[in-house]
Amino acid sequence: MELLGIIWVSLRVSLAATTLAALASVPLGFWIAVREFPGKRVVVVILNTLFSLPTVVVGLLVYGLLSHSGPLGSLKLLYTPAGMTLGQWILATPVITALTYAATKGVDERVRPTALTLGADGWQAGLMVLREARYGLLAAVVAGFGRVISEVGAAIMIGGNIRGYTRTITTAIALETSKGEFQIGLILGVILLAVALSVNLFVHAFLRARP
Amino acid sequence: MERRPKIFSLKNFYLHSVGWGLISLLTASAWAKEPGRLKLATTTSTENSGLLAYLLPDFEKRFDLKVDVIAVGTGKALKLAENGDADLVLVHAPELEAAFVRAGFGVNRRAVMKNEFVIVGPPADPARVKGSSDAAKAMSQVKQSGAVFVSRGDYSGTHQKEKALWALVQGQPEKNYLEAGQGMEAALFMANEKQAYTLTDRGTYLAVMDKLNLLILFEHDPMLDNPYSVIAVNPGRHPHVNYLDAMLFIAWLTSPETQARIETFQKHGQALFRPAAVPQPAPK
Amino acid sequence: MNPNPAFRLRQIRQEIPGRTLLEVPELEFPTGEVSALVGPNGAGKTTLFRILALLDPPFAGALEFRGEPAAFSGPRWLELRRRITLVHQTPFLFRGTVFQNVAFGLRVRGEPQAIWPPRVAEALELVDLGGFQDRFVIALSGGEAQRVAIARALAVQPEVLLLDEPFANVDAGRISRLEALISEINHRLGATVIFSTHNLGQAFRLTSRVVTLVAGKVAEFGHENIFSGAVEGEGAEPWITVRGGWRIRIGPGVSGRVTCSVPPEAIALRPAGGPGASECNCFEGEITRMECHNGRVRLRVDGPVSFRVVLPDQEFQRQGIRLGDRVVVSFTPAAVKILEAKP
């Protein structure tokens, strides 16, 4: 039962973080791809660099933000799943934004004019571009999910690895490993992979249903 | 024939995403606002030994409070409390605790229990630690012999005690001294791999000794006492802390009933902690 | 009367940094007719189409659509774009089914879903792809994809249909069918059609309104009244024979097969039934269309051989010509311009 609770916390936090990140990052990555503005290349380079943002650094930053002595201390989000969601959101955002940018760039450049000349307004034409990029977009979101469900640094620093509350699969692995329970750690690792596999199968089925 | 062509599956997907996002956000914030939580910052030894898992359900059921255990080293636990990110601490580093209270971060420090540090090492005992007259002598043996010593190196209570012992013998060894920078278990595994000596609390050693080829080579010295105290975070400094429930927890933890249960908690047939909160009645 | 041309371009210039793609001082495309844009690859045909489709604003100059300035942004832009549809040279079909593609224009216009199936079916029938609704576009051949793209444009019943190189990817056997389709779209749907091709002869087959683009500029012969045929009758006054066995006399000095044009301004008009010299180029017909703009009147005279004629306003007033009058058009052999001569 405790194991189910751990899987549930992992899934809830990572799915919420990925979803929230996707809501912000998909439009953002799309916007960066279709608009020309000064410093665009710099932005893209920064985004790609943030792929390598260490999870513990994010954990540290968010701890500093959410700590009672920090600027957002009054929200009392430290050592809560919501706080972990915030940390993972920060981790997923650059991944999804950069991959959305790449996916949008990869869409045939005739899509937008074709939609426009058939009478689409700007918003509808943009949606068509997104629609043509949807495989890439889903890959972006799945990559973001993969980044957050497998990370331990932010989860343990912001969540505190509280049993039955903020303990996730990865923090449980870290704990069991530190206790020398390597076998349990490995089993948890396999469970994490199984969870990730289920999410990917679900996404794949979603795509297959709409060719 | 009625057709229902779907052109914008993405639009639906997007709407679903928005819906899910809102639901997740709401539930996440609901989690955050759940009342009746008490944040206890403590050391890995109390959590990983299973003691808290053994004791806490009684408290949680009796007072309808959830205790969130944040298990870190003593140094970090005190730091969290200093920042107001915990309601109380259960730690084992008397000098740091005293400084913590002196600086006004904590109030109502109470002794809870004791256990004991032991020096473990390879069965062959190349440094001849076994049979030393006291703990300082044992450490000195390690230093003199040049045997490898693994230190926690993480400002934990164990690390504090180790440093105090080294201070008695003119400082730590200059070579063959490895700072693990990790928890007790990790340090023990490292010592095992290197067949080195290390200082550990008895509870953690008992919990993992099946996996180790290390023996207790020195024990039972008052110098190696490991007292645990509970301290509430000073509500004068951090008004937002759950002070009343923290005091309730302290009362419960130091009550005769809980103290008796601490004594009954065993691993491998050995009690890990000796209650220390209730003064033994003086012999008549 | 169609007083306003579908498009009027003035001093239009399009450039990318360092290069001028298109430079058109003045150009008009009449409403309700088929026009052809002829030129080699890279002549600026696609650039012009993208401006006419309101996809790219010109770098400089003014574009009018039906007498009103064109818009390249804002709500008016959308409104105008919904009356003009461009079919790209290598059309892009959206992922999904043929139905989804052809219904796209209806969908974005918010047309009720009930009318989608009949309109899609109708458009597909026109391009001989009846029953293709549920095919996935990835399974279509290149030619089928091209026709789906045309059907997709037809489904929204645009006022103006722009076809960029519609014959480029069509196999030889289908070219005549597609040519017929273009005429049909013009006649049946009343749409103004502008198509581009690099084949001058093909352009003349479909319309006499041909604009030739070379290196981004409208070439000197922006011609109407185009005829082609083999030169006969060597000597001072050779002629070519056109449809119906009629002869058009041309200037001396050419032989072989020629394509020629009679400039509408060079044609004189007089009422039918009067005396006339038989040796000149004289053709009787009926006035079927009149447009006036810029102080000139543009007439269409339909007879065994049809002509477009442009008269100065005063001359028009003087003769008191009315729609439906029977007239005789005449022009001198010297006025006939040789566009192309092949041995």
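With that settled, the discussion passes to the overall build of chain B. When helices and strands are counted, chain B shows eleven helices and twelve strands. Taken over 284 residues, chain B has a buried fraction of 51%. Here the analysis covers contacts within chain B between residues at least 6 apart in sequence; of these, 74% occur between residues at least 24 apart. For chain B, the accessible surface area stands at approximately 13,000 Å², while carbon and sulfur atoms represent 55% of it.

Okay, helix H1 (residues 45-52) of chain C next. One turn of an α-helix holds 3.6 residues; hence residues three or four places apart share an orientation. All names here are of chain C. Among the eight residues that make up H1, six are buried, leaving the element largely enclosed by the rest of the structure. Every buried residue of H1 is listed here: Lys-45, Thr-47, Leu-48, Phe-49, Ile-51 and Leu-52. With its phi angle positive at about 65 degrees, Leu-54 sits one or two positions after the end of H1.

Okay, the interface of chain C and chain A next. Taken together, the contact pairs 26 residues of chain C with 19 residues of chain A. For C:Arg95, the salt bridge goes to A:Glu132, with nearest N and O atoms at 3.7 Å. Along the contact surface separating chain C from chain A lie ten residue pairs in polar contact (both at pLDDT 80 or more). Residue composition of the side of chain C that touches chain A, by class: 14 nonpolar, six polar and six charged.

On to the pairing of strand E2 (residues 19-29) of chain C. All names here are of chain C. Pairing between strand E1 (residues 7-16) and E2: nine bridges, direction antiparallel. The partner of Leu-9 across the bridge, within E2, is Leu-27. Between E1 and the antiparallel strand that follows it, E2, lie two residues; Gly-18 among them carries a positive phi value of about 90 degrees.

So, on to the packing of aromatic side chains. Across all of its chains, the model carries 21 aromatic pairs over all chains by this definition. Each ring, one from C:Phe92 and one from C:Phe94, has its centre 6.2 Å from the other, and the planes form 65 degrees; the classification is edge-to-face. For the residue pair C:Phe92 and C:Phe94, the accessibility class agrees, reading buried in each case. One aromatic cluster is present, formed by C:Phe227, C:Trp246, C:Phe283, C:Phe307 and C:Phe331 through successive ring pairs. The ring of B:Tyr54 has B:Arg261 lying over it, and the distance from NZ or CZ to the ring centre is 4.8 Å. Lying across the ring of C:Trp77, C:Arg81 places its NZ or CZ 4.0 Å from the centre.

Within the secondary structure layout, C:Asn101 lies in helix H3 (residues 98-102). A polar side-chain atom of C:Asn101 sits 2.8 Å from the main-chain amide nitrogen of C:Phe94.

The next subject is the domain arrangement of chain B. Residue and element names in this part refer to chain B. Taken domain by domain, chain B holds domain 1 (35-115 + 227-275) and domain 2 (116-224). Distance between the C-alpha centres of domain 1 and domain 2: 26 Å. The interface of domain 1 with domain 2 comprises 14 residues on the first partner and 17 residues on the second. Taken together, the two surfaces of domain 1 and domain 2 that pack against each other cover about 1,200 Å², and 55% of this comes from carbon and sulfur. The largest per-residue losses of area from domain 1 upon contact with domain 2 belong to His-92, Asn-115 and His-268, which jointly make up 37% of the total buried on that side. Scanning the region where domain 1 abuts domain 2 turns up zero salt bridges. In this structure, the connection of domain 1 to domain 2 is made through three residue pairs in polar contact (both at pLDDT 80 or more).

Before going further, it helps to examine the sheet that holds strand E11 (residues 226-232) of chain C. All names here are of chain C. Reading across from one edge, E13-E12-E11-E14-E20 is the order of the five strands in this open sheet, with antiparallel pairing throughout. A strand with exactly one partner marks an edge of an open sheet, and here the two such strands are strand E13 (246-249) and strand E20 (337-342). Between one strand axis and the next, the sheet turns by 35 degrees as a mean value, whatever way the strands run. Two elements, strand E12 (residues 239-242) and E13, share four bridges in a ladder whose sense is antiparallel. Note on E13: the bridge partner recorded for Trp-239 is Arg-249.

The next thing to look at is the domain arrangement of chain C. All names here are of chain C. Assigned domains within chain C: domain 1 (7-218) and domain 2 (226-342). The straight-line distance from the C-alpha centre of domain 1 to that of domain 2 is 31 Å. The interface of domain 1 with domain 2 comprises eleven residues on the first partner and ten residues on the second. Summed over both partners, the interface of domain 1 with domain 2 buries about 800 Å², with 43% contributed by carbon and sulfur atoms. Ranking the residues of domain 1 by area buried against domain 2 places Glu-33, Phe-204 and Ser-208 at the top, with a combined share of 52%. Where domain 1 touches domain 2, the interface holds one salt bridge. Taking the shortest distance from any N to any O, the salt bridge between Glu-33 and Arg-308 comes out at 2.8 Å.

For the rest of this paragraph, the subject is the pattern of salt bridges. Residue and element names in this part refer to chain B. Going through the model one piece at a time under the given rule, you end up with 35 salt bridges over all chains. The partner of Asp-68 in a salt bridge is Arg-37, and the shortest N-O contact between them spans 2.9 Å. Placement of the pair is Asp-68 in strand E2 (residues 66-71) and Arg-37 in strand E1 (residues 37-42), with a sequence separation of 31 residues. The exposure classification of Asp-68 matches that of Arg-37, with both residues buried.

Attention now goes to the environment of B:Gly121. All names here are of chain B. By secondary structure assignment, the location of Gly-121 is in strand E4 (residues 106-121). On a C-alpha basis, the gap between Gly-121 and Leu-52 in space is 28 Å, while along the polypeptide they are 69 residues apart. Beyond its immediate sequence surroundings of up to four residues, Gly-121 is in contact with Ala-196, Tyr-197, Leu-214, Leu-215 and Leu-217.

This next bit is on helix H4 (residues 81-105) of chain A. With 25 residues, H4(A) should reach 36 Å at 1.5 Å per residue; the first-to-last C-alpha distance of 35 Å fits that figure. In H4(A), a bend of some 30 degrees at A:Ala92 exceeds every other bend along the element, and A:Pro94, a proline, comes one to four places later.

Moving on: unusual backbone geometry. One non-glycine residue, A:Lys76, lies in the positive phi region at around 55 degrees. Tracing the sequence through the fold places A:Lys76 in the loop between helix H3 (55-66) and H4. The phi angle at B:Asn176 is positive, at roughly 55 degrees, despite the residue not being glycine. Looking at the secondary structure, you find B:Asn176 in the loop between helix H7 (157-168) and strand E6 (177-179).

What follows is about the packing of helix H3 (residues 51-63) of chain B against helix H11 (residues 256-264) of chain B. In a packed pair of helices, the relevant descriptors are the angle between the two axes and the axis-to-axis distance. Residues and elements named next belong to chain B. Packing of H3 against H11 brings their axes to within 9 Å, and their N-to-C directions diverge by 155 degrees. Taken together, H3 and H11 sit at an angle that is classed as roughly antiparallel. The way H3 lies across H11 gives a crossing that is right-handed. Across from Tyr-54, Leu-55, Asp-58 and Arg-62 in H3, the residues of H11 making contact are Glu-257, Thr-258, Arg-261, Ile-262 and Thr-264. Tallied by class, residues from the contact of H3 with H11 come to three nonpolar, two polar and four charged.

Procedures and definitions
- Residues numbered from 1 in each chain as written.
- Chains lettered and ligands numbered in written order.
- Predicted model: local features only at pLDDT ≥ 70, side-chain atom pairs only at ≥ 80, totals over all residues.
- Heavy atoms only, no water.
- Helix = DSSP H or I, 4+ residues; strand = E, 2+ residues; numbered from the N terminus.
- Buried < 20%, exposed > 50% of the residue type's maximum accessible area, 1.4 Å probe, protein only.
- Contact = heavy atoms within 4.5 Å.
- Areas by Shrake-Rupley, 256 points an atom, 1.4 Å probe, with all protein chains shown as cover.
- Salt bridge = Lys/Arg side-chain N within 4 Å of Asp/Glu carboxyl O.
- Polar contact = N/O pair within 3.5 Å; in protein donor to acceptor, adjacent residues only side chain to side chain.
- Nonpolar A, V, L, I, M, F, W, Y, C, P; charged D, E, K, R; others polar.
- Pairing = 2+ DSSP bridges.
- Phe/Tyr/Trp six-rings, centres within 6.5 Å; stacked < 30°, edge-to-face > 60°.
- Lys NZ or Arg CZ within 6 Å of the ring centre and 35° of its normal.
- Domains from an automatic or database assignment.
- Buried area = accessible area lost by both parts, 1.4 Å probe.
- Axes fitted to C-alpha atoms, helices over the stretch in contact; angles between N-to-C directions.
- Expected span 1.5 Å × (residues − 1).
- Bend = angle between axes of the 7 residues up to and from the residue.
- Parallel < 35°, antiparallel > 145°, perpendicular 65-115°, else oblique.
- Left-handed = near helix turned anticlockwise from the far one by under 90°.

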